[in-house]
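# Descriptive analysis of the structure
Given next are the chains, with one letter for each unit.
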2 protein chains.
Amino acid sequence: MKKSKKISINKKNKFGAEILCIGSEILLGNIVNTNSQWIAEQLAILGIPHFRQTVIGDNPARLKEAIIEASNRSEILITTGGLGPTPDDITTKVIADTFETPLEQKNDILIDLKNKLKNKHSKLSESQKKQSFIPKGAKIINNYSGTAPGIFWTPKKNFTILTFPGVPSELKDMWVKEASDLLINNNLSKEIISSRVLHFAGISESSLADKIPHLLKAKNPTVATYASTGEVKVRITAKGDNLKETNRYIKPIEKELTQIAGLKCFGVDNETLEELVFKLLLKRKETLAVAESCTGGGIGSKLTKIPGSSKIFHGGVIAYNDSIKQRILGVPKEIINTYGAVSKQVVESMAKGVQKKFKVNWALSVSGIAGPTGGSKLKPVGLVNFCIKGPKTLLTWEERFGSNKTREDIQKLSVLNALDRLRLSIIKDE
Amino acid sequence: MKKSKKISINKKNKFGAEILCIGSEILLGNIVNTNSQWIAEQLAILGIPHFRQTVIGDNPARLKEAIIEASNRSEILITTGGLGPTPDDITTKVIADTFETPLEQKNDILIDLKNKLKNKHSKLSESQKKQSFIPKGAKIINNYSGTAPGIFWTPKKNFTILTFPGVPSELKDMWVKEASDLLINNNLSKEIISSRVLHFAGISESSLADKIPHLLKAKNPTVATYASTGEVKVRITAKGDNLKETNRYIKPIEKELTQIAGLKCFGVDNETLEELVFKLLLKRKETLAVAESCTGGGIGSKLTKIPGSSKIFHGGVIAYNDSIKQRILGVPKEIINTYGAVSKQVVESMAKGVQKKFKVNWALSVSGIAGPTGGSKLKPVGLVNFCIKGPKTLLTWEERFGSNKTREDIQKLSVLNALDRLRLSIIKDE
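Residues numbered from 1 in each chain as written. Chains lettered and ligands numbered in written order. Predicted model: local features only at pLDDT ≥ 70, side-chain atom pairs only at ≥ 80, totals over all residues.

### What to know about the nonpolar core
Heads up, the condition is: Put simply, a nonpolar core is a cluster of buried Ala, Val, Leu, Ile, Met, Phe, Trp, Tyr and Cys residues tied together by C-beta atoms within 7 Å. Put simply, a residue is buried when 20 or more other C-beta atoms lie within 10 Å of its own C-beta and exposed when 12 or fewer do; between those, it is partly exposed, and each C-beta is set from the backbone.
Residues M350, V354 and L364 of chain A together with M350, V354 and L364 of chain B are the most contacted members of the largest nonpolar core, which totals 136 residues. Ranked by size, the runner-up nonpolar core spans 83 residues in total, among them A138 and A179 of chain A together with L43 and F99 of chain B.

Next up, the structure:
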């Protein structure tokens, strides 16, 4: 093992948590395992280091093997799945067997199961009763929305197991209401890790990264960039003893980033472009309508996902067919014939038309070639024209997203680009 | 270990595949690991049994440990991530070190990397060149869209490693174009597993399951139901020596299911409701427009995702504000005042209005209370009215999706319900 001598792991110094998801349906690819990601985030918030995630099927031998491995490697094992009443649900039994501990029926769980039955006079079946057995010495993690409770158990020194059902909503509820506190109160949570995500539009990941090489090298807080369709995210992650301390580390970096990026930084944490447009217009007590061709209703659909969006969003026209652009939006036939439906002249006429017809302060229009067909050398797939008409604004522009992009991506990029430019236009409309 | 004697695993009989995803960003919960699910599905298709999925961070010691474990347990290890040019990307090096094999620079990869550079005259950096090194004796799995290639390597008897980048689109492309064939040609693919998914609307998972208890018990093919918002799926999975054999098992079950469900079964495999509406209208050479209130453009957005949808879809009106229902769609003010915007009378007037204005054969309208506010005792959150107006059809109906549902779910259910009823109306419009 000459080459690999540097690589070794100190087995004595076992620490941190690992996640074990149990369920053949995950192995078969029938469902995406979102639980691991959610738990990973929670562990980070609690400052519990986390080094491994595993998925195995509903197989007792393999499950036992995985539990033993984890108990030799980590301080905390978090399992999901296999707590229900069916014969496939083996988690609790196998955990107890692994540590040679008998199962014990808990009256509290039995009463809870009875209460959750639809008809309270009917009897619990044997398989339902199975859920009331937990290893001797284990604590219950109550399940408020489903039937199967979890356990919090330390079967051997320096090793604690927490079990959760596989249903994401039940797991989350149990974590927030009980498990998180159990981890903190049992001193399993070390230093706090907290993070903030900044959202950027109108800048590429590499040009943003080029502006902040010193931040990307920093250790606490760390700064990392992530790119997705039409957006770049930057995550600032700090470690500390408490939220006050981590905030003290994050704040100056956040300030520096927003100063560097200016208006290109549009939001924090879960904020979206459509929410910012909504908030800006709400503040100005102004209204909006859209005229969408190649996005087919995608902008309207995003805006109306916001509760209360009717206060600013009056609606719009999906002008997919050219005759609709003429008849409903009043775009002159000659303009379409002269310049083509995908042109600055047409989007400007669409925006003016919808602003007038819908009697709104702001109008946003889009017309482009989403592909995969319909492109030409002069007007390739991915060419999209936009117009924003506001109280003092008239802005038309074109984007060339690239003819190698999929129809879906071109539509998505068009929606995000339009919303971002609208946000900037509202801010600048003075 | 009295209780656990039954639980044991035969280490000599190692077989099957496992998946190892490498990347600290997965452990931190920054991204959902969708690669595991996709690979799991592909392994099932190739009939390669699959027992374990693991995620670890960019840590050489832990990575080596995970590779050794897998090599003692399984026949095939599939890794994702850690193939790029940055110092974090350690996968190839650690794999080579684990099996005490030197890395070898491949000229083919070097040429490919050069060609992928934007400016072909610029030089490859040292970190870019790193990607051209693979363990001696390994085959290249070419990466057509990204830079980092993967490897197919059998470092010891009865153990083969395949590596892929973490970018899902690159991984999929490499699997489909090369890796799948490598697995088959090296006799690593055993019996074939093939499956078909049927899609159902307008029926609940439990009522469908109640009609097919005999199918749900079957062994080959197996039949399983899955519920998601507004839809139920049934997956039929058969094992056999070849596709002809698995098809022979699947066909009669598929036939039985479609006979039991009738028109409630709307599609096969990746077919969507909007595609079926598109195909039905295309065949009849008829056109469609929509008038959307609470869905805000969601129906139009779905329809325009289909390439060529302009052949049947002319557009529509997002009539989010009541004044738009009046002014653009011509809904009489008195009807709105008398019955309210969410009423059968209003959706009927909206559908007739958009059919006339847009000069189309079919019109679909929606008006409802998506919440979370705006509900009353008589008209609670989740109440949605619909109307379909076709050449011989006039159908209005209401749904009560439930006031406990989220705004997002109510909008999604409204879109799917509308498209499903439209599909049925077109079929019946004779």
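Moving on from the coordinates now.
### What about the packing of helix α2 (residues 35–46) of chain B against helix α7 (residues 168–185) of chain B?
Residue and element names in this part refer to chain B. Convention followed: Axis definition: a line fit to C-alpha positions, over the contact stretch in the case of helices; interaxial angles, taken between N-to-C directions, run 0 to 180 degrees. Secondary structure elements follow DSSP: runs of H or I no shorter than four residues count as helices, runs of E no shorter than two count as strands, and numbering proceeds from the N terminus. Angle categories are assigned with fixed cut-offs, so that under 35 degrees is roughly parallel, over 145 is roughly antiparallel, 65 to 115 is roughly perpendicular, and the rest are oblique. Crossings are sorted by hand: turned counterclockwise from the far helix by less than a right angle, the near helix makes the crossing left-handed, and turned clockwise it makes it right-handed. In this description, any two residues whose backbone-derived C-beta atoms lie within 7 Å of each other are considered to be in contact. Here the nonpolar group is Ala, Val, Leu, Ile, Met, Phe, Trp, Tyr, Cys and Pro; Asp, Glu, Lys and Arg are the charged ones; every other residue, Gly included, is treated as polar.
Interhelical geometry of α2 versus α7 gives an angle of 25° and a closest axis separation of 12 Å. In terms of orientation, α2 and α7 fall into the roughly parallel class. As for the relative orientation of α2 and α7, their crossing is right-handed in sense. Across the interface between the two elements, N35, W38, Q42 and L46 from α2 touch P168, L171, K172, W175, S180, L183 and I184 from α7. Here the contact of α2 with α7 is built from residues that sort into seven nonpolar, three polar and one charged.

### Overview of the sheet that holds strand β11 (residues 231–240) of chain B
All names here are of chain B. Selection criterion: If DSSP finds at least two bridges between two strands, the strands pair.
Read from one edge to the other, the open sheet built from four strands follows the order β10-β11-β9-β12, with strand pairing classed as antiparallel. Bordering the open sheet on either side are β10 (222–228) and β12 (265–268), each of which pairs with just one other strand. For this sheet the average axis-to-axis angle between neighbouring strands, irrespective of direction, equals 25°. Two strands pair when backbone bridges link them, and β10 and β11 are joined in this way by seven bridges, in the antiparallel orientation. Bridge pairing in β11 places V223 opposite I236. Relative to β11, helix α10 (residues 243–261) is tilted by about 150°, and along the sheet it contacts β9 (192–200), β10, β11 and β12.

### Quick look at α2 of chain B
Residues and elements named next belong to chain B. Selection rule: Expected span of a helix: the number of residues minus one, times 1.5 Å.
Helix length check: α2 (12 residues) gives 17 Å between terminal C-alpha atoms against 16 Å at 1.5 Å per residue, within 8%. For α2, every residue scored as buried is listed here: N35, S36, Q37, I39, A40, Q42, L43, A44 and L46. Directly after α2, the chain includes G47, whose backbone phi takes a positive value near 70°.

### Quick word on the domain arrangement of chain A
Rule in force here: Here the limits of each domain have been adopted from an automatic or database domain assignment.
Per the domain assignment, the segments making up chain A are domain 1 (12–185), domain 2 (192–268) and domain 3 (273–428). Each of domain 1 of chain A and domain 2 of chain A has a C-alpha centre, and the two are 35 Å apart.

### Here we look at helix α3 (residues 60–73) of chain B
Residue and element names in this part refer to chain B. The criterion, for reference: Of all possible arcs, the one meant is that of the directions from the helix axis to the C-beta atoms.
If you check α3, its first and last C-alpha atoms are 20 Å apart, about what 14 residues at 1.5 Å a residue would give, namely 20 Å. Among the residues of α3, those classed as buried are L63, K64, A66, I67 and A70. Viewed along the axis of α3, the buried residues span an arc of 165°, placing them on a single side of the element. Residues of α3 that are exposed and angled more than 90 degrees away from the buried face: I68 and N72. Where α3 is buried, its residues contact β1 (17–22), β2 (50–56), β3 (76–80) and α4 (91–98).

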